[in-house]
Amino acid sequence: MSTPPKVKKIYRDYDFGIANRGINLPNPISAGDVANKAYVDVYNTTFFVASTTNTTTASVTDVVVTGMTLTMSNAGNFIVMFNCNSSNSANQAQNTFSVYVNGVLVVDTVRFTTMSPANAHMSFTLITKVTGVLAAQVVDIRWKTNNPTATVYNRSLNLIPVI
């Protein structure tokens, strides 16, 4: 077995230690990729998208969180990591987030946070595993609220392949 070449540093907002886990990435991600906050690494091993543009919903049924959609170039099983800052215009309102694969709810991924007080920014993280994703399928995060207006601020969606 040959020794892989040294790995160059990956420049991006979130470094999950991929370069230190034996994945050969011969070229760093460009500054343009980082500025656009949407890329797939050199070997399509990590899928990532992020947004800093606020988005709102008053929907009581799931709708896509703006910018939180990835079209998969590889089939497989993935750890899904979604995080955001969120608020609601009403005290004790619930903002609910879920993972969808190709338009179908992954049932065991439904998570909610109860917002208190009104308009307070709360950090939210959803980490789960999805299996059997096919190449060209879309993985997205959807959300809804049970009260007036929910807002999402900074957010990111990461998918990392696993066995």
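Up top you'll find the structure we're talking about.
Every chain begins its residue count from 1, and numbering advances along the sequence as written. Where totals are concerned, whole chains, interfaces and linings use all residues; where local detail is concerned, this predicted model gives features only for residues with pLDDT of at least 70, and gives and counts side-chain atom pairs only at 80 or more. Side-chain numbers come from the whole structure's heavy atoms, not from hydrogens or water.

(A) Unusual backbone geometry, seen in detail. A cis geometry characterises the amide bond from Ser-116 onward to Pro-117, with omega recorded as -5°. In this structure, Pro-117 sits in the loop between strand E8 (111-115) and strand E9 (122-133). Positive phi values are uncommon outside glycine, yet Asn-102 reaches one of about 55°. In this fold, Asn-102 is placed in the loop between strand E6 (93-101) and strand E7 (104-105). Here Asn-102 falls in the partly exposed class, since its relative accessible area comes to 44%. Of note, the phi angle at Ala-136 is positive, near 80°, even though the residue is not glycine. In this description a helix means any DSSP run of H or I spanning at least four residues, a strand means any run of E spanning at least two, and both kinds are numbered starting from the N terminus. Looking at where Ala-136 falls in the secondary structure, it is placed in the loop between E9 and strand E10 (138-145). Here the term buried applies to any residue with accessible area under 20% of the maximum for its type, exposed to any over 50%, and partly exposed to those in between, with areas from a 1.4 Å probe on protein chains only. Residue Ala-136 is classed as exposed on the basis of its relative accessible area, which comes to 58%.

(B) Just the pattern of salt bridges, in detail. Definition used for salt bridges: Asp or Glu carboxyl oxygen within 4 Å of a side-chain nitrogen of Lys or Arg. For the structure on display, the rule yields 1 salt bridge. Of the charged contacts, one joins Arg-142 and Asp-140 as a salt bridge, the two residues approaching to 2.9 Å between their closest N and O atoms. Residue Arg-142 shares its accessibility class with Asp-140, and that shared class is buried.

(C) Region of the structure containing the packing of aromatic side chains. To pair, rings of Phe, Tyr and Trp, with the six-membered ring standing in for Trp, must have centres within 6.5 Å; the planes then decide the type, stacked if under 30 degrees apart, edge-to-face if over 60, and tilted in the middle. Evaluation of the coordinates by the stated rule reveals 5 aromatic pairs. Considering the side-chain rings of Phe-97 and Trp-143, the 5.8 Å spacing of their centres and the 15° angle between planes classify their relative orientation as stacked. With Phe-97 in strand E6 and Trp-143 in strand E10, the pair connects residues that are 46 residues apart, well separated along the chain. Take Phe-97 and Trp-143: they sit in the same class, and that class is buried. Grouped by ring-pair contacts, the aromatic residues Phe-82, Phe-97, Phe-124 and Trp-143 constitute a single cluster. Sitting over the face of the ring of Tyr-100, Arg-142 holds its NZ or CZ atom 4.1 Å from the ring centroid. By definition here, charges over rings are those cases where NZ of Lys or CZ of Arg is within 6 Å of the ring centre and within 35 degrees of the ring normal.

Nothing here speaks to function; it is geometry throughout.
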